[in-house]
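Descriptive analysis of the structure
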Amino acid sequence: MRFSLFGVLALSGLSIATPTIAKRADAVSVLTDLKAQVFTFTGAINATLATLSPDSSAADKAAAVPEVGAQITSITSAVNSAIAELNSLAATPEKRSPLSIDAIEAPTWEKRQEAAIIVAVLLAAIFVEIIATLLGAIAILGGAVLIVFTTPLTAALPLLILAVEALLNVVLGGVTVLLDTLLTTLALALAGALGGL
Ligand SMILES: *[C@@H]1O[C@H](CO)[C@@H](O)[C@H](O)[C@H]1NC(C)=O
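Numbering of residues starts from 1 in every chain and runs along the sequence as written. Predicted model: local features are reported for residues with pLDDT of at least 70 only, side-chain atom pairs are reported and counted for 80 or more only, and whole-chain, interface and lining totals are derived from all residues. Excluding hydrogens and water, the side-chain figures rest on all heavy atoms present in the structure.

Comments concerning the overall build of the chain
Only DSSP runs of H or I covering at least 4 residues are called helices, and only runs of E covering at least 2 are called strands; the numbering of each starts at the N terminus. Secondary structure assignment for the chain yields seven helices and two strands. For the chain, the N- to C-terminal ordering of α and β elements is α-β-α-α-α-α-α-β-α. For each residue, the accessible area found with a 1.4 Å probe, counting protein chains only, is set against the maximum for its type, and the residue is called buried under 20%, exposed over 50%, and partly exposed in between. Out of the 197 residues belonging to the chain, those deemed buried represent 40%. Residue contacts follow a heavy-atom distance rule, with two residues in contact if any of their heavy atoms lie within 4.5 Å. Sequence-distant contacts in the chain: of pairs separated by 6 or more residues, those separated by 24 or more amount to 86%. Each accessible area is a Shrake-Rupley result for a 1.4 Å probe, and residues are judged covered by the shown protein chains and nothing else. Summed over its atoms, the accessible surface of the chain is roughly 9,600 Å², and 64% of this surface lies on carbon and sulfur atoms.

Shown next as structure tokens:
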């Protein structure tokens, strides 16, 4: 499945107040770390699935479920840690040298838009990677056995957007629309409503 990042950018809905330079750098760094962690876990899920196909025996599929489930739970933990980190950054007043230009200079509109686009692209990449991998797992293992693992994850993802929005004082409309679409697709797949499940 492919999603246009340009579509996300076009829809970004960049309503922005004044995130400081340091907070923008922090948000980008938290999301960059999260993206790397997510790709490690989705890579492990794909490696487990690589030995299976929809025609594999029920026993082989059943054996893969706890492994895939543990990786999904690791993704959920990583997302929740990132949310906690973003929330604590938002709650922490910034420490700055009184001589720092950043402390008094309001970021330009271009700088603020640039930061919002960078976090939007990171969030979109994280969401697409997670949902595409889950759809691959569901296609092979079925939705019923995975829903217990996916439910906490799908509950956490919208909170990640909210945490970034709160930290940077931006509205990430395009990313929210993208996530809603992905979660709807996932819900249909989990319910066995897509394809020949
Ligand atoms: C895992 O597989 C999905 C498709 O099933 C793909 O979209 C995703 O990029 C893959 N991730 C990694 C890290 O291999």
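Quick word on the site of the ligand
Any residue with a non-hydrogen atom lying within 4 Å of a molecule or strand is treated as near it. Neighbouring residues of the ligand: Phe39, Thr42, Gly43, Asn46, Glu129, Ala132 and Thr133. N or O atoms closer than or at 3.5 Å make up a polar contact, with two conditions inside protein: a donor-capable atom paired with an acceptor-capable one, and, for residues adjacent in sequence, both atoms drawn from side chains. Between the ligand and the protein, one listed contact pairs an oxygen atom with a side-chain N or O atom of Asn46 at 2.4 Å. The side chain of Glu129 places a nitrogen or oxygen atom 2.6 Å from a nitrogen atom of the ligand. With the chains in place, 56% of the 370 Å² that the ligand exposes on its own is no longer accessible. Counting residues per element, the ones that place at least two in the shell around the ligand are α2 (21-49) and α5 (109-141). Under the convention adopted here, Pro, Cys and the residues Ala, Val, Leu, Ile, Met, Phe, Trp and Tyr are nonpolar, Asp, Glu, Lys and Arg are charged, and Gly plus all remaining residues are polar. Partitioning the shell around the ligand into residue classes produces two nonpolar, four polar and one charged.

Some remarks on the nonpolar core
What we call a nonpolar core is a set of buried Ala, Val, Leu, Ile, Met, Phe, Trp, Tyr and Cys residues that are connected through their side-chain atoms within 4.5 Å. With 56 residues, the main nonpolar core has Phe127 and Leu160 as its most contacted residues. Breaking this core down by element, the ones donating at least two residues are α2, α3 (58-91), α5, α6 (147-168) and α7 (173-190). When residues of this core are assigned to their parent elements, the largest contribution, 17 residues, is made by α5. Sequence-distant contacts of Phe127, that is, excluding residues within four places in its chain, are made with Leu157, Leu160, Ile161, Val175, Leu179 and Leu182.

Some thoughts on α3
Residues lying three or four places apart along an α-helix face the same way, a consequence of the helix completing one turn every 3.6 residues. Expected span of a helix: the number of residues minus one, times 1.5 Å. Its 34 residues place the ends of α3 49 Å apart at the C-alpha level, agreeing with the 50 Å of an ideal helix rising 1.5 Å per residue. Across the chain, bend at a residue is computed as the angle between axes fitted to the seven residues ending at that point and the seven starting from it. In α3, a bend of some 30° at Val65 exceeds every other bend along the element, and Pro66, a proline, comes one to four places later.

Comments concerning the packing of aromatic side chains
In this description, a pair of aromatic rings is defined by centroid distance and the angle of the planes. Pairing of aromatic rings covers Phe, Tyr and Trp, the last through its six-membered ring, and needs centres within 6.5 Å; plane angles under 30 degrees mean stacked, over 60 mean edge-to-face, and all others mean tilted. Tallying each qualifying case throughout the model produces zero aromatic pairs. Comment: the charge-over-ring label is applied if NZ (Lys) or CZ (Arg) is within 6 Å of the ring centre and within 35 degrees of the ring normal. Taking NZ or CZ as reference, Lys35 lies 5.7 Å from the ring centre of Phe39, over its face.

Details of the packing of α6 against α7
To get an axis, fit a line to the C-alpha atoms, keeping to the stretch in contact for a helix; angles then go from 0 to 180 degrees between the N-to-C directions. At a minimum axis distance of 11 Å, the contact between α6 and α7 shows a crossing angle of 175°. Relative to α7, the element α6 is oriented roughly antiparallel. Along the contact surface, α6 presents Ile147, Thr150, Thr154, Leu157, Pro158, Ile161 and Glu165, while α7 presents Val175, Thr176, Leu179, Leu183, Leu186 and Leu190. Classifying every residue of the contact of α6 with α7 by side-chain character gives nine nonpolar, three polar and one charged. What sets the label is the angle itself: under 35 degrees gives roughly parallel, over 145 gives roughly antiparallel, 65 to 115 gives roughly perpendicular, and the rest give oblique.

Regarding the side chain of Thr76
Looking at the secondary structure, you find Thr76 in helix α3. Discounting residues that sit within four places of it in the chain, Thr76 has contacts with Phe149, Pro152 and Leu153.

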